[in-house]
Amino acid sequence: MRAPLPANELQRLQALQSYAVLDTPDESLLDDLTQLASQICQTPIALVSLVDGERQWFKSKVGLGARQTPRDLAFCAHAILQPDQVFQVPDARLDPRFADNALVTSEPHVCFYAGTSLLTPDQFPLGTLCVIDHVPRQLTDSQLEALKTLGRHVMAVLELNRTMARLEAEQVVNRLLASAAEQSPVQIIMTDASGHITYANPTFERVSGYSKAELLGQTPQVMQATGVTGDEGATPQSDLWHTLRSGRPWHGQLEYHKKDGQSLWDHVDIWPVLDDNGAISHCLLFKTDITEQRRNRDRLLAKNAELKGFAYTVSHDLKAPLRGISGYAQEVVRKHQDALSERGQFCVGQIISAARNLDHLIEDLLKYSRLDSEEPTATQVLPEALINGILRDRAHTLEDLGVVLDVQVPPITLETWERGLQQILCNLIDNAIKYSRHANPARITITAECHPDCYRISVSDNGIGFDMQYHDRIFGLFNRLVRPAEYEGTGAGLAIVKKLVEKLGASIRAESAPGQGATFFLELPIRFKRGATS
């Protein structure tokens, strides 16, 4: 009869696995204990049997050739059900639980069995130390006590092996960590609880110019940190160590001086390490040299300032004479048109048109350049109302061109940057109107859908379309696939859209074919979705 499973079987099997003893080689110390159990109990067979999920496996054995048997046949599977006492079967042939057991009716012809459970400190029975005989019998009181004592010794050996294995594993891990620290490209420093350096890896030595001998016993202030920017704003150096000793991690950027006086910037992560009592035992500092990144950032800031200055110049110094050219040309048309020849009237008209186009180009350039310094501000936005407002502003144009509209936008509230989203949709809708105006009739479809990972808005038209090999090119500044004489525009619209999309953390793509219209898909991250409104 198969023994029922213990109530804590899952935890018991996990405990057994934690000892990593199954299918391991023989151990002389356990073999000695098994031999001693056989001699004291005067039985031909003695086993250290570990009860696994589907088998019992013998870690040590005397008088038996098999290494394991099915759990269905295991006497030990019954023994672990009463782990607080020795489980005895005086004559298995007369016991209804075992009378038809294959281990009883055939080799090894078990008749007598006695087993004491091998209990972990958490009282999980891993198996038994058991003795077996081929004839009926019972153990004396002294034999029972001896068997229990030997069982505790077996468990002590298993505990010792597990502890030794854990220590060896920890030593291996420590060696690997030490090797990783020595070879790491990141600067690593260890300090005691008062902030004095107890370890510095070779990378820190190389970057700082200080030798390990010069660093040990010092604090990282030996490198004279001057500028400090932390995760909570500017923090004096003294406050940094106060924060460190308080047990709170610190992250920030520090400007240091190398041994030769040269300054460098590091990104620093400081982690206090607590002992078992919750007190700081030491601290780990991980430093990454970001000097070049800081220099690049400063160069970029300077370049941005230069570009802003250029944009100001364009806005004020170029637009003023441009307005003068346009104004004088229009005055010529108004007051002196009759005195002009046909060619003269054509030239003045071209001047006015070119001035207007240049003015639009300057405006688009300014819009494009201002985007770098503009910070998105998230508010609650209803795309349906936004799109309807854009279409309402273009109602006369849509009516004049006979555009057929199909708008399917559900009343969803998003939390996003309203001005940026509005500008994107304005440009996409204006392009759809522009490039489909010669279709008969022109059709524009605007839809919006919620997907598991995004909120998708699509704008489709049945206009001239484009070849998909130019897909990425259309989002470049001043890249146009049509002649200016055919369709007005500066070529900056989709470049502005692309930059706005990036600021929204969104994505945009198009599907098109020549003469088949185009569809633009704007995908906003789903985190912007706030919920539906009625």
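Model, not experiment: these values are computed from the prediction.

Trainee: Explain the overall build of the protein chain residue by residue, including any values.
Mentor: Tallying secondary structure elements over the protein chain gives 14 helices and 20 strands in all. Just so you have it, the protein chain exposes about 28200 Å², and 53% of that area is on carbon and sulfur atoms.

Trainee: Would you mind going over the sheet that holds strand β14 (residues 404-408) in detail, with residue names and values included?
Mentor: Sheet architecture is open: 5 strands sit in the order β14-β16-β17-β19-β18, paired in mixed fashion. In this open sheet, the two edge strands, each paired with only one partner strand, are β14 and β18 (507-512). Within this sheet the neighbouring strands show an average axis-to-axis angle of 10°, counted without direction. Here 7 bridges tie strand β16 (residues 443-450) to strand β17 (residues 454-461), and the two strands are oriented antiparallel to one another. Bridge pairing in β17 links Thr445 to Ser460.

Trainee: Outline the sheet that holds strand β1 (residues 45-51), supporting the account with residue identities and numerical values.
Mentor: The strand order β3-β2-β1-β6-β5-β4 describes an open sheet built from 6 strands, whose pairing is antiparallel. The outermost strands of the open sheet, each flanked by one partner alone, are β3 (68-70) and β4 (87-89). Mean inter-strand twist for the sheet, computed between neighbouring axes without regard to direction, equals 25°. The pairing of β1 with strand β6 (residues 125-133) spans 6 bridges and is antiparallel. Within β6, the position partnered with Leu47 by the bridge is Cys130. The strands touched by helix α2 (residues 28-41) within the sheet are β1, β2 (55-62) and β6, with β2 carrying the most contacts at an inclination of about 80°.

Trainee: Which residues make up the packing of aromatic side chains, and what values do they have?
Mentor: Applying the stated rule across the entire model yields 3 aromatic pairs. One aromatic cluster is present, formed by Phe75, Phe87, Phe98 and Tyr113 through successive ring pairs. The residue whose ring lies beneath Arg294 is Trp265, and the NZ or CZ to ring-centre distance is 3.6 Å. Here Arg509 stacks its cationic end above the ring of Phe521, 4.3 Å away from the centre of that ring.

Trainee: Outline the nonpolar core, supporting the account with residue identities and numerical values.
Mentor: Membership of the largest hydrophobic core comes to 42 residues, with the highest contact counts inside it found for Leu421, Ile424, Ile446, Tyr455 and Phe520. Of all the secondary structure elements, the ones that give two or more residues to this core are α11 (383-393), β15 (412-417), α13 (418-436), β16, β17, α14 (493-503), β18 and β19 (518-525). At 8 residues, α13 tops the list of elements feeding residues into this core. Excluding anything up to four places from it in sequence, Ile446 contacts Ile387, Leu391, Asp406, Val407, Gln408, Val409, Ile429, Ser458 and Val459.

Trainee: Tell me about the pattern of salt bridges, and name the residues and values.
Mentor: One pass over the structure, following the stated rule, counts 20 salt bridges. The salt bridge involving Arg2 is made with Asp72; its shortest N-O contact spans 1.8 Å. Of this pair, Arg2 sits in the segment before α1 (9-18) while Asp72 sits in the loop between β3 and α3 (76-79), and the two are 70 residues apart along the sequence. Taking the relative accessible area as the measure of exposure, Asp72 reaches 39% and is therefore partly exposed.

Trainee: Let's hear about the environment of Glu375: which residues, and what values?
Mentor: Along the chain, Glu375 turns up in the loop between α10 (342-370) and β13 (378-381). The exposure class of Glu375 is exposed, given its relative accessible area of 60%. Counting along the chain gives 42 residues from Glu375 to Trp417, while the straight-line C-alpha distance between them is 9.3 Å.

Trainee: Tell me about the packing of α2 against helix α5 (residues 141-183), and name the residues and values.
Mentor: Direction vectors running N to C along α2 and α5 enclose 175°, while the axes themselves pass 10 Å from each other. Here α5 runs roughly antiparallel to α2, going by the angle between their axes. On the side of α2, the interface is formed by Leu29, Leu30, Leu33, Leu36, Ala37, Ile40 and Cys41, while α5 contributes Gln143, Ala146, Leu147, Leu150, His153, Val154, Val157 and Leu158. Residue composition of the contact of α2 with α5, by class: 13 nonpolar, 2 polar and no charged.

Trainee: Describe the state of the cysteines, with residues and values.
Mentor: Using the criterion set out here, one finds 0 disulfides in the structure. Sulfur of Cys76: no disulfide; nearest cysteine sulfur belongs to Cys130 and is 4.0 Å away. Relative accessible area serves as the criterion here: at 2%, Cys76 is assigned to the buried category. We note that Cys454 lacks a disulfide partner, and the nearest cysteine sulfur, in Cys450, lies 8.8 Å from it.

Trainee: Go over the environment of Gly505 with me, naming the residues and quoting the values.
Mentor: Within the secondary structure, Gly505 is located in the loop between α14 and β18. Separated by 18 residues in the primary sequence, Gly505 and Glu523 have C-alpha atoms spaced 9.3 Å apart.

Trainee: Describe the side chain of Thr447, and please don't skip the residues or the numbers.
Mentor: Topologically, Thr447 is positioned in strand β16. In this structure the side chain of Thr447 is engaged in a polar contact, spanning 2.5 Å, whose partner is the side chain of Ser458.

Trainee: Residue-level account of the confidence of the model for the protein chain, with values.
Mentor: Confidence in the prediction for the protein chain averages 82 pLDDT; 84% of positions are at 70 or higher. Below a pLDDT of 50 lies the segment residues 231-236, which in the model reaches 6 contacts outside its immediate sequence neighbourhood of four places, other chains included. Long-range and interchain partners of residues 528-534, a stretch whose pLDDT sits below 50, account for 20 contacts in this model, where long-range means more than four residues apart.

Trainee: If you had to explain the packing of α11 against α13 to someone new, which residues and values would you point to?
Mentor: The relative placement of two packed helices is expressed as an angle between their axes plus a distance between the axes. As a packed pair, α11 and α13 sit with axes 10 Å apart at the nearest point and diverge in direction by 45°. Classified by the angle between their axes, α11 and α13 sit oblique to one another. The handedness of the crossing between α11 and α13 is right-handed. Seen from α11, the contacting residues are Leu386, Ile387, Ile390 and Leu391; seen from α13, they are Glu418, Leu421, Gln422, Leu425, Cys426 and Ile429. Partitioning the contact of α11 with α13 into residue classes produces 8 nonpolar, 1 polar and 1 charged.

What counts and what doesn't
- Residues numbered from 1 in each chain as written.
- Predicted model: local features only at pLDDT ≥ 70, side-chain atom pairs only at ≥ 80, totals over all residues.
- Heavy atoms only, no water.
- Helix = DSSP H or I, 4+ residues; strand = E, 2+ residues; numbered from the N terminus.
- Areas by Shrake-Rupley, 256 points an atom, 1.4 Å probe, with all protein chains shown as cover.
- Pairing = 2+ DSSP bridges.
- Axes fitted to C-alpha atoms, helices over the stretch in contact; angles between N-to-C directions.
- Contact = heavy atoms within 4.5 Å.
- Phe/Tyr/Trp six-rings, centres within 6.5 Å; stacked < 30°, edge-to-face > 60°.
- Lys NZ or Arg CZ within 6 Å of the ring centre and 35° of its normal.
- Core = buried A, V, L, I, M, F, W, Y, C linked by side-chain atoms within 4.5 Å.
- Buried < 20%, exposed > 50% of the residue type's maximum accessible area, 1.4 Å probe, protein only.
- Salt bridge = Lys/Arg side-chain N within 4 Å of Asp/Glu carboxyl O.
- Parallel < 35°, antiparallel > 145°, perpendicular 65-115°, else oblique.
- Nonpolar A, V, L, I, M, F, W, Y, C, P; charged D, E, K, R; others polar.
- Disulfide = S-S within 2.5 Å.
- Polar contact = N/O pair within 3.5 Å; in protein donor to acceptor, adjacent residues only side chain to side chain.
- pLDDT = per-residue confidence, 0-100.
- Left-handed = near helix turned anticlockwise from the far one by under 90°.

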